[in-house]
Amino acid sequence: MVETFLNDEIGTETLQIEGYKIERKDRKAINYGGGVIAYIRNSVCHQRRIDLEISSIESLWIEIKFPNTNSILIGIFYRPPSSFQSWIDSAEKEIDKASAENKEIILLGDFNINFSHINHTVVGNQKWKDCINLYGLQQIVHKPTRVTDKCATTIDHIYTTDVDHIIEVKVPSYAVSDHYPVCVTRKLNPKITNMEHLSIEYRSFKQFDKNKFIENLTNTPFYLIESIGDVDEAANYWYNLFLSTLDKHAPKKIKRVKNTQQPEWWTSDINSARHQRDYFQRIGDIYNYKIWRNKVTFLIEQAKKKYFQNAISNCKDSKTIWKYVKSLNPKKVHNNITHLEYKNSVIQNDVDIANTFNVHFTNIAESIVDDKLCNNDDGARFDALNKFVKSKLQTGSEKFIIPEMSILDVNMYLKKT
């Protein structure tokens, strides 16, 4: 919760709820208000991350530790409406430090920055938009959180670095203040990890010498196969002789890996850049870590772009094309429409919302016709459109017929696809 209006005179014991632990951060300034607080169930293993609260803004960081999965960092923020742009600089410092730990991040709170619930990409502050994009944070609240008689704004946000881990987002239309609460449900175990380490077996060609390998093959007694009468036994004997020689020059090795295979768009350049990024992070060189982190992001974006462009352009059937297209779109959290702003009025009834959409789109053609193209006698004039169409038609082909399609024709085309 934010805007707690708490101070040192109010003890934590007076705020206690049975079965929950409290983490709080009150406003230290002289002026009254602000503050953030978190209630955490006793059964949830957590740690207050004061080391991430490196600025003077009203923020609270908590690390939640779940079984069989990586821990997540939750940041609770309150940004006063009168804040300067320097607030974003302070918040970015904290997000940057949290991001350096390579853990899932969830931010929530009252940011007092309007995030359009109609066009989810429009943010009321460009600097904040650049900040969340830099750290791969996605805003998942797409309903107004503060509704008045005059306007509806989305100023209470939830950000996440892993949208696939989110089950649902709710904005209940009731509250004790002028803000609706925002609620998020996350999977407890988005990916249950096996207790055993993943490993792969591969041949190491690091010390492989082609000439020595061929020399050893030449000295291998393959001639002994001639004395074996059974074809299967002879093939098995040859196979064992060959592998015994190969093992000397390219021995098998076992390596622990995070994934058994990399995505098809993965390149060696990405791998090298990732190693450099992780190296600078280990030694604490934040400056070079940021450079290589951004480079890894750039290389991944370029590799994906090239891979999907080539894949889609080479597809010969629609099924494969849609397979690639769907893989490009991450799973999104969908919210039901609770109200609609239309012509300076707020509509909340589901039937009225549907009828408003119907009336709007059935009359949209008439509403967008330019008044300059209309006259009182003939209605709309489409001289420019007629001129364009005639320029595309060959002489004598102004009249054409669209043949009627029968059921048999439809069945025939469906069988072809």
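Each remark here, short or long, concerns the structure printed above.
Right, let's walk through the structure included here. (Residues numbered from 1 in each chain as written. Predicted model: local features only at pLDDT ≥ 70, side-chain atom pairs only at ≥ 80, totals over all residues. Heavy atoms only, no water.)

Section: the overall build of the protein
- Tallying secondary structure elements over the protein gives eleven helices and 18 strands in all.
- Per-residue burial for the protein yields a buried fraction of 29% across its 417 residues.
- For the protein, the accessible area works out to roughly 29,300 Å², and carbon and sulfur atoms hold 54% of it. (Helix = DSSP H or I, 4+ residues; strand = E, 2+ residues; numbered from the N terminus. Buried < 20%, exposed > 50% of the residue type's maximum accessible area, 1.4 Å probe, protein only. Areas by Shrake-Rupley, 256 points an atom, 1.4 Å probe, with all protein chains shown as cover.)

Quick look at the packing of helix 5 (residues 268–282) against helix 6 (residues 286–313)
- Two elements in contact, helix 5 and helix 6, have axes separated by 8 Å at closest approach and are oriented at 160°. Taken together, the axes of helix 5 and helix 6 lie roughly antiparallel to each other. The two elements helix 5 and helix 6 cross, and the hand of that crossing is left-handed. For the pair helix 5 and helix 6, contact is made by Asp-269, Ile-270, Ala-273, Arg-274, Gln-276, Arg-277, Phe-280 and Gln-281 and by Asn-288, Tyr-289, Trp-292, Arg-293, Val-296, Leu-299, Ile-300 and Ala-303, respectively.
- Tallied by class, the residues present in the contact of helix 5 with helix 6 amount to nine nonpolar, three polar and four charged. (Axes fitted to C-alpha atoms, helices over the stretch in contact; angles between N-to-C directions. Parallel < 35°, antiparallel > 145°, perpendicular 65-115°, else oblique. Left-handed = near helix turned anticlockwise from the far one by under 90°. Contact = heavy atoms within 4.5 Å. Nonpolar A, V, L, I, M, F, W, Y, C, P; charged D, E, K, R; others polar.)

A word on helix 2 (residues 126–134)
- Inspection of helix 2 places Trp-128, Cys-131 and Ile-132 among the buried residues, and these make up the whole buried set. Along the long axis of helix 2, the arc covered by the buried residues comes to 90°, so they all point the same way.
- The backbone nitrogen of Lys-127 lies 3.1 Å from a side-chain oxygen of the residue at the head of helix 2, namely Asn-125.
- Residue Gly-136 follows helix 2 closely and has a positive phi angle near 65°. (Arc of directions from axis to C-beta. Polar contact = N/O pair within 3.5 Å; in protein donor to acceptor, adjacent residues only side chain to side chain.)

Topic: the side chain of Arg-24
- Along the chain, Arg-24 falls in strand 1 (residues 20–25).
- A distance of 3.1 Å separates the side chain of Arg-24 from the backbone oxygen of Asn-7, its partner in a polar contact.
- At 2.9 Å, the side chain of Arg-24 forms a polar contact with the backbone oxygen of Ile-10.
- Not counting residues up to four positions away in its chain, the partners in contact with Arg-24 are Leu-6, Asn-7, Ile-10, Gly-11, Thr-12, Leu-15, Val-36, Ile-37, Arg-48 and Leu-60.

Describing the packing of aromatic side chains
- Summed over all chains, the structure comprises 17 aromatic pairs.
- Seen from their ring centres, Phe-77 and Trp-87 are 6.1 Å apart, and the 75° between their planes marks the pair as edge-to-face. A residue pair is termed long-range when its members are at least 10 positions apart, and Phe-77 in strand 5 (residues 72–78) and Trp-87 in helix 1 (residues 86–99) qualify at ten residues.
- Given the relative accessible area of 1%, Phe-77 is considered buried.
- Exposure remark for Trp-87: the relative accessible area of 6% places this residue in the buried category. (Phe/Tyr/Trp six-rings, centres within 6.5 Å; stacked < 30°, edge-to-face > 60°.)

Things to note about the environment of Leu-52
- Structurally, Leu-52 can be placed in the loop between strand 3 (45–48) and strand 4 (58–65).
- Along the sequence, Leu-52 and Glu-94 sit 42 residues apart, while their C-alpha atoms lie 5.7 Å from each other.
- Contacts of Leu-52, omitting those with residues within four sequence positions, involve Trp-61, Leu-73, Glu-94, Lys-97, Ala-98 and Glu-101.

Comments concerning the environment of Ser-204
- Tracing the sequence through the fold places Ser-204 in the loop between strand 13 (199–203) and helix 3 (210–219).
- Take Ser-204: its relative accessible area is 13%, and that puts it in the buried class.
- C-alpha separation for the pair Ser-204 and His-249, spaced 45 residues apart in sequence, amounts to 8.6 Å.
- Setting aside anything within four residues of it in sequence, one finds Ser-204 in contact with His-249, Ala-250, Pro-251 and Lys-253.

Digging into a nonpolar patch on the surface
- Together, Met-405, Val-410, Met-412, Tyr-413 and Leu-414 give the surface a local cluster of nonpolar side chains, amounting to about 490 Å² of exposed area.
- Position of Met-405 relative to the elements: it lies in the loop between helix 10 (383–392) and helix 11 (407–416). (Patch = residues over 30% accessible without salt bridge, like charges linked within 9 Å, V, L, I, M, F, W, Y side chains within 5 Å. Salt bridge = Lys/Arg side-chain N within 4 Å of Asp/Glu carboxyl O.)

Keep in mind that these numbers describe shape and distance, not what the molecule does.
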